[in-house]
Amino acid sequence: MAFISSGYNPSKPMEGRISDIGPRHFSEFLPPVIAKNFGKWEYHEILEPGVLCHTAESGDKAYTVRCGSARLVSVSYVRELCDIADKFCGGHLRFTTRNNVEFILDDKQAALDLKAYLNSQKFEGGSYKFPVGGTGAGVTNIVHTQGWVHCHTPATDASGTVKVTMDAVFDQFQDMKLPAPVRISMACCLNMCGAVHCSDIAILGVHRKPPLIDHEYLDNLCEIPLAVAACPTGAVRPTKVELEGKTYKTVAIKEERCMFCGNCYTMCPSLPLSDGEGDGIAIMVGGKISNRITKPSFSKVVVPFVPNEPPRWPTMTKVIKKILEVYAEEANKYERLGDWANRIGWERFFEKCELEFSAHLIDDFRDPAYYTWRQTTQFKW
Ligand code: SF4
Ligand code: SF4
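These numbers come from a predicted model, not from an experiment. (Residues numbered from 1 in each chain as written. Chains lettered and ligands numbered in written order. Predicted model: local features only at pLDDT ≥ 70, side-chain atom pairs only at ≥ 80, totals over all residues. Heavy atoms only, no water.)

### Here's the deal with unusual backbone geometry
Note the cut-off: Note on conventions: DSSP H or I runs of at least 4 residues are helices, E runs of at least 2 residues are strands, and numbering of each starts at the N terminus. The buried label applies to any residue whose accessible area, calculated with a 1.4 Å probe on protein chains only, is under 20% of its type's maximum; exposed applies above 50%, and partly exposed to all values in between.
Residue proline 310 is joined to proline 311 through a cis peptide bond whose omega torsion reads 5 degrees. Its place among the elements puts proline 311 in the loop between strand E11 (300–307) and helix H9 (314–330). Residue aspartate 20 is not a glycine yet carries a positive backbone phi of 55 degrees. Tracing the chain through its elements places aspartate 20 in the segment before helix H1 (32–36). With a relative accessible area of 79%, aspartate 20 lands in the exposed category.

In structure tokens, the structure reads:
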């Protein structure tokens, strides 16, 4: 397509420039029933999976229908959402903190009709476009990252691993029969954009090989002290190398100290480390953010490595399904996955979920590692 100017003048870039205006105020977009009863809600119920009802002091009721989305969506998909909002909800909709989509209505029958309509919409390949669910004690959307779609540091893909995981646990999205909600999150490298460190189940991209060093260009492309300071284990040091009679300022990496975090690559383009066979996924469990009963906690690594197996990642989905099934079977009501594992003891968790315990799982990072070891004789055979 030929170039079409927006009116921006490249020879006077600051002319007519609008800046620092911030986001639109949310109140511009509230459905009337929400605007009217703002701050005056009395109680709420989950009517059925994916459908909530909030009752206000005035007696007004707001019915919310929640549906899953892929997060990464096209403009056509957003337009379809808008068409649905126009038809059922006076043009209003919202997105949740887990990237589900919510339609708010003031009539119960209209909400149930909308649920039926959303569940009837499919893509050509057969997938639901707007599957209704994600409420109560079930599995809701997976908070995830860029992966091979857009980032340069991933050790796995985000959209792909998330699609196959949601396919594997889809019945739990449409239902509410778990002991407590299960939050699954995904991050494609251990920068952990998102929520992997505080989720019931987490999928995390990991490397297993140290960076390659592009000595010839490193000093041109990188601020060497930053690469040195990026390393959590002090594996990187400045050095000089001779290549074909030329001396280059560069870095040396002590491989036995490197744990493949990739931080130095984030700082320095001359230290790439992604690797088809080396890279894969670690699985963590037992984190949560809420303060309900027990305090918030980090997720723990329980599977150090499963290989990347695009496009369906069968080993990964099998492990996640197994953990979810055993938890669903064994945990008490209201017990989050981490609460359950802490109660029965992690040695029992590994036994019940049939996970192999290896030395990789024992913390060896600085002084705090000590506190993760067992300083008691209390354990089960
Ligand atoms: S988790 Fe890592 S690879 Fe994934 S988007 Fe964030 S920085 Fe990029
Ligand atoms: S990958 Fe991580 S541990 Fe290895 S050298 Fe780079 S910063 Fe250090």
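### Description of the state of the cysteines
Put simply, the rule is: The definition used for a disulfide is geometric: two cysteine sulfur atoms within 2.5 Å.
Counting across every chain of the model gives one disulfide. One disulfide bridge connects cysteine 222 with cysteine 268, the sulfur atoms lying 2.1 Å from each other. Its S-S torsion of about 70 degrees marks the bond between cysteine 222 and cysteine 268 as right-handed, since a negative value means left-handed. A residue pair is termed long-range when its members are at least 10 positions apart, and cysteine 222 in the loop between helix H6 (215–221) and helix H7 (224–229) and cysteine 268 in the loop between helix H8 (263–267) and strand E10 (280–285) qualify at 46 residues. Counting only cysteine sulfurs, cysteine 193 is the nearest neighbor of cysteine 198, a cysteine outside any disulfide, at a range of 13 Å.

### Focus on the environment of leucine 337
For clarity, the cut-off: We call two residues in contact whenever any of their non-hydrogen atoms come within 4.5 Å of each other.
The residue leucine 337 is located in helix H10 (residues 337–344) in this model. Relative accessible area serves as the criterion here: at 0%, leucine 337 is assigned to the buried category. Along the sequence, leucine 337 and isoleucine 104 sit 233 residues apart, while their C-alpha atoms lie 31 Å from each other. Setting aside anything within four residues of it in sequence, one finds leucine 337 in contact with Asp200, Ile201, Val285, Gly286, Ile323, Tyr327 and Phe349.

### Examining the sheet that holds strand E5 (residues 101–105)
Short version of the rule: By this definition, two strands are paired if DSSP reports at least two bridges between them. Structural elements are reduced to axes, namely lines fitted to C-alpha atoms, with helices fitted over the stretch in contact, and the angle between N-to-C directions of any two is expressed from 0 to 180 degrees.
One open sheet accounts for five strands, arranged E1-E2-E3-E5-E4; its pairing is antiparallel. Because the sheet does not close on itself, it has two edges, and the strands there are strand E1 (41–48) and strand E4 (94–95). For strand E2 (residues 51–56) and strand E3 (residues 61–67), the ladder comprises five bridges, and the chain directions are antiparallel. Note that in E3 the partner of leucine 52 across the bridge is threonine 64. Its contacts with the sheet place helix H2 (residues 75–88) against E4 and E5, and it is angled at close to 10 degrees to E5. Contacting E1, E2, E3 and E5, helix H3 (residues 108–120) crosses the sheet at an angle of about 5 degrees to E3.

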